[in-house]
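# Structural overview for review
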Amino acid sequence: MYLMRIGAPGAEKPIARIDDDTYVDLSDTVTDFDEAFFGSGGIDRIRPLVAERVTTGQVSSFAGERIGAPIARPHQILCIGLNYSDHAAETGQAVPTEPILFNKSPNTLIGPNDDVRIPRGATKPDWEVELGIVIGRRTSYLDSVDDARDAIAGYLVVNDVSERAFQLERGGQWAKGKSAETFNPAGPWLATADEIEDVLDLDMWLDINGTRRQDGNTKTMIFDPYFIVHYLSQFLVLEPGDLINTGTPPGVGMGFNPPVWLKPGDVMELGIQHLGRQRQNVVAPR
């Protein structure tokens, strides 16, 4: 299934996307795609309902509604840094021997086509197309990497927007350069894990003002999604609905010579095979 949330910010309704034109409205049976939904087996519960409504013609047509993030605000957004060897090389940093973990504020989560706002004082705003993982059940101390498959609800597109000066030049942890408002566009949909035949072979791309900047594939990940979920489970409890951003391929702004930074008026377009595409306008600080 392909789960989406449509409607005004704070008033999104949960739906199941059928195709580019139609969807099944689930708002009469699902409050939201949140911790309670994922933690109570919500995906398996709605499968027969969606199938029944499609069979009986209980479908609606998209009518230009705003698309929100496909999950409600999670307990935590966890991020893996330098998870593509060629991205590590372009930033001049060593390939990590273990996943680099940092946090991103959950209130950075926005819809896939919402505006991205540059924060006050920013001098080096940057982009990162990433594969996102959504956790499907409360998870800790997984016994094996293979066990991680059952802990994953699905996958989605994420833009891990960053401010490199805040991240790398202001001391402390990376979170400062990752957690400005609007810095985590997600969606348009959450593809349940069964919809993705091979998560380690998904093309991904990002354009700035129509110019291709990132062009990669998940097969060049250093640590794959199953390894990441198993690894994180050894250090912290993953809650249903938690989001993990798994790193970006080469082509970020800081990797160019000279570097290319986002500015008001820029347009970011990005996507991942089978997971849809995003488009954000970059706007000035408020």
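Naming follows an unreviewed UniProt entry, where the chain appears as 2-hydroxyhepta-2,4-diene-1,7-dioate isomerase of Streptomyces fuscichromogenes.

So, on to the pairing of strand β12 (residues 152-159). Counting buried residues in β12 gives 8 out of 8 residues, a clear majority hidden from the surface. Sheet analysis places strand β11 (residues 129-135) next to β12, joined by 7 bridges and oriented antiparallel. When the bridges of β12 are listed, E130 appears paired with V158. Bridge analysis of β12 against strand β15 (residues 190-192) gives 2 bridges, and the strand direction is antiparallel. Bridge assignment links Y155 to a residue of β15, and that residue is A191.

Taken in spatial order, the 5 strands make up an open sheet running β9-β20-β19-β16-β17, and their pairing is mixed. Two strands close off the open sheet at either side, each with one partner strand: β9 (116-117) and β17 (211-217). Note: strand β19 (residues 267-272) against strand β20 (residues 276-283), 6 bridges, orientation antiparallel. Directly across from E269, in β20, lies its bridge partner R279.

A separate point is the side chain of D242. Mapping D242 onto the fold places it in the loop between α5 (225-233) and β18 (243-245). Comment: no salt bridge for buried D242; closest opposite-charge side chain is R138, at 8.7 Å. A polar atom in the side chain of D242 sits 2.8 Å from the backbone nitrogen of E239. D242 has contacts with P74, H75, Q76, I133, V134, I135 and V237, leaving out every residue within four places of it along the chain.

In this section: the pairing of strand β6 (residues 77-81). Judged by how many residues are buried, β6 sits mostly within the fold: 5 of 5 residues are covered. Where burial is concerned, the two faces of β6 agree: the one with I77, C79 and G81 and the one with L78 and I80 are both buried. Note that β6 and strand β7 (residues 100-104) share 5 bridges and pair antiparallel. Within β7, the residue paired with I80 across the bridge is L101.

Calculation rules
Residues numbered from 1 in each chain as written. Predicted model: local features only at pLDDT ≥ 70, side-chain atom pairs only at ≥ 80, totals over all residues. Heavy atoms only, no water. Buried < 20%, exposed > 50% of the residue type's maximum accessible area, 1.4 Å probe, protein only. Helix = DSSP H or I, 4+ residues; strand = E, 2+ residues; numbered from the N terminus. Pairing = 2+ DSSP bridges. Lys, Arg positive; Asp, Glu negative; His and termini not counted. Salt bridge = Lys/Arg side-chain N within 4 Å of Asp/Glu carboxyl O. Polar contact = N/O pair within 3.5 Å; in protein donor to acceptor, adjacent residues only side chain to side chain. Contact = heavy atoms within 4.5 Å.

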